[in-house]
Amino acid sequence: MLPNRWGRVVPRLETYLQASAFLLYFAIVVVYQWLSQAYTMAFGGYSDEPAHYVTALMIRDYILSGFSGSPLAFAERYYVHYPAVAFGMWGPVIHVLSGVWMAVFSDSRVSILLLMAVIAASLAWSAQWMIGRAFGRLPGVLAGLAICLIPAFQAYSVLVMADILTGTLILWATYCWSRYLDSGEPALAWRFGVFATLALLSKANAGSLALLPIPAALMAGRADLFRRRHFWLPAVMVGLIAGPWCLFYAWLMANLTRVPTTFAIVSKYLTQGLGLFGVLTIPLVLAGVASGFFHKPPYPGGRPLWAAAVSMSLGFLAYHCLVPGGFEDRYVLMIAPWIAILLILGAEWIAGAFLPFRRGVASTILLAAIVVYGVAVFRVHPKTNLPYAQVAYDLIHGRELPQSVFLVSSESSVETMMVAEVAMQDRRPNHFVLRASKMFARMNWNGDRYENRVTDEAEMRDDLRAWGVSRVIVDTTPGPVPWPHHRMLRAVVAADPQWRLTRRYGPVEVYEFQGIAKMPEKIQVDVPYTLRLTLEAATGK
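Calculation notes
- Residues numbered from 1 in each chain as written.
- Predicted model: local features only at pLDDT ≥ 70, side-chain atom pairs only at ≥ 80, totals over all residues.
- Heavy atoms only, no water.
- Helix = DSSP H or I, 4+ residues; strand = E, 2+ residues; numbered from the N terminus.
- Rg over C-alpha atoms; globule rule 2.2 N^0.38 Å.
- Buried < 20%, exposed > 50% of the residue type's maximum accessible area, 1.4 Å probe, protein only.
- Contact = heavy atoms within 4.5 Å.
- Lys, Arg positive; Asp, Glu negative; His and termini not counted.
- Charge placed at Lys NZ, Arg CZ, Asp CG, Glu CD.
- Expected span 1.5 Å × (residues − 1).
- Arc of directions from axis to C-beta.
- Core = buried A, V, L, I, M, F, W, Y, C linked by side-chain atoms within 4.5 Å.
- pLDDT = per-residue confidence, 0-100.
- Phe/Tyr/Trp six-rings, centres within 6.5 Å; stacked < 30°, edge-to-face > 60°.
- Polar contact = N/O pair within 3.5 Å; in protein donor to acceptor, adjacent residues only side chain to side chain.

**What about the overall build of the protein chain?**
Scanning the protein chain for helices and strands turns up 23 helices and 9 strands. Taken against the 2.2 N^0.38 rule, which gives 24 Å for 541 residues, the C-alpha radius of gyration of the protein chain at 26 Å falls within 12% of a compact globule. Overall, the C-alpha framework of the protein chain stretches about 85 × 55 × 45 Å when taken along its three principal axes. The buried share of the protein chain, taken over its 541 residues, is 56%. Sequence-distant contacts in the protein chain: of pairs separated by 6 or more residues, those separated by 24 or more amount to 78%. Taking the average place of the 44 positive charges on the side chains of the protein chain and the average place of its 33 negative ones, the gap between the two points comes to 12 Å.

**So, helix H13 (residues 263-274)**
In an α-helix, one full turn covers 3.6 residues, which means residues spaced three or four apart are oriented alike. With 12 residues, H13 ought to run about 16 Å at 1.5 Å a step, and its terminal C-alpha atoms sit 16 Å apart, in line with that. Where H13 is concerned, the buried positions are Ile265, Tyr269, Gly273 and Leu274. In a view along the axis of H13, the buried residues occupy a sector of 125°, so they form one face of it.

**Section: the nonpolar core**
Ranked by internal contacts, the top residues of the largest apolar core, which has 182 residues, are Phe153, Leu209, Phe277, Leu407, Ile473 and Leu489. Ranked by the residues each element gives to this core, the list is headed by helix H5 (residues 109-135), at 15 residues.

**Let's talk about the confidence of the model for the protein chain**
Per-residue confidence for the protein chain averages 90 on the pLDDT scale, and 94% of its residues sit at or above 70. Residue range residues 1-9 is modelled with pLDDT below 50. Its contacts to residues more than four positions away, or to other chains, number 1 contact.

**Focus on the packing of aromatic side chains**
Applying the stated criterion across every chain yields a total of 27 aromatic pairs. Taken together, a centroid distance of 5.1 Å and an interplanar angle of 55° make the contact between Trp499 and Phe513 tilted. Of this pair, Trp499 sits in strand S6 (residues 499-505) while Phe513 sits in strand S7 (residues 508-513); the two residues are 14 residues apart in sequence, bridging distant segments of the chain. Looking at Trp499, the relative accessible area reads 7%, which means it is buried. What links up through ring pairs into an aromatic cluster is the set Trp177, Tyr180, Phe192, Phe226, Phe231 and Trp232.

**Topic: the side chain of Gln154**
With respect to the secondary-structure elements, Gln154 resides in helix H7 (residues 151-156). Here the side chain of Gln154 touches Leu149 through a polar contact of 2.7 Å, landing on its backbone oxygen. Every residue in contact with Gln154, bar those within four places of it in the chain, is listed here: Tyr32, Cys148, Leu149, Phe378, Arg379 and His381.

**Focus on unusual backbone geometry**
With glycine set apart, most residues show a phi of negative sign, and most peptide bonds adopt trans. Cis peptide bonds are those with omega within 30 degrees of zero, and the linkage from Arg428 to Pro429 qualifies with -20°. Structurally, Pro429 can be placed in the loop between helix H20 (416-425) and strand S2 (432-435). The phi dihedral of Gln37 falls on the positive side, at around 60°, and the residue is not glycine. Inspection of the secondary structure puts Gln37 in the loop between helix H1 (2-35) and helix H2 (49-64). Of note in the backbone geometry, Phe67 takes a positive phi value of approximately 55° without being a glycine. As for its position among the elements, Phe67 is in the loop between H2 and helix H3 (71-81). Phe67 sits in the exposed class, given a relative accessible area of 52%.

Structural data, given as structure tokens:
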């Protein structure tokens, strides 16, 4: 009876320990969010954040509508009301997941940020679990803590973004492939295909997984798998399921200006990618890359895990150096677990050659030092303090408004911040939030292609009346590039006696039309650079 009794207790204890590790990482992320004031600030910590929220909100509302009508018609109408929907600019996984979460719980700011905390904690926990299986529980827990202390993790775990989810899916795809190389089991190849598909459907950065299977198989000494059908089936799965979105994404991106790869960008990827845990750890990471060529790794998973770590890390960096898109630290965060494995391998290899340490001691000491250093240099990453949340609340809840048209204009911050805040507060879909950059100008997603569509102030006044605009929200903060339509709008509402400044919120001014704002029968929004069409929605509904 004793072995059976212990057989029941030990798995239960392991479950408690794993749950405790997850709750630890979750609590750390929640503290980050609280310190950054993310629970009260508008969605503006990064320009993509409002679009992620509004797109997820649209899916949530479509679910709760009982999937009424065509999803395309629903999305087009939703976009005219709240022009921050960006379905297709990123894969659908993050938005579907967020939409379902908000349908089950709440569409509030706290709710969606707690989902981001769950996702961020999942990345740290998954790394802990994987590293713990290979190198021991303590190195695993410390590696998870070290990932939580990476500055990019601290900065982006407080935002509604897709990068950490993509990194988590890449981790599981790569781990399944390493297990497949170790055992040759077809089921593991299928699991790799599932996670790779989900990763690619969350963000295009996961295209780097295409550089994983063949190099990893060669480095693991498993070229024999090339002759097996199941080795190639994941590529078919990814192509059939994620391929259509990739083609649609390429079509959308055709009118975006791509950032060319330069020596400076390549240098940043190499130094900040390999040096995710500090520039002084780069030699140890490189030693981890080299270690598998000179000795058989003495840990579970062995050479396949090393081969997967090397192929994923170097393949990811090579992919982002070759594909034009510039450098951002949130990208390299996606390979943090695999850089951690290479760091551990390098430390163990060097320590085993020169120091009489038992296996696991050197990596434990190193990871503990990284955690201590990370705590010592920790700093809060406050979100951008712009008052759009309060502006939206006062507009919608300050007094009962019939369906109205608001117009927001800014050249220093993204107008979608105001769109997201109104959408959160509104009885959707009700009010219309027009963006001056779309109504008075033509510009692409990056904002580097600009065409002013309004010739003079008289035409702008006529447009405001034709659209039935009752409130104009203007951010007066100067931007890096002056936009003529924005400057003209400021002059119009400031000089025209029919517009009155009703309130200032720091740099944000709210003007109210003093006459009767007559709503048109329909509102039209031109989307020339991405969808290449004009969307419209009827008013009064």
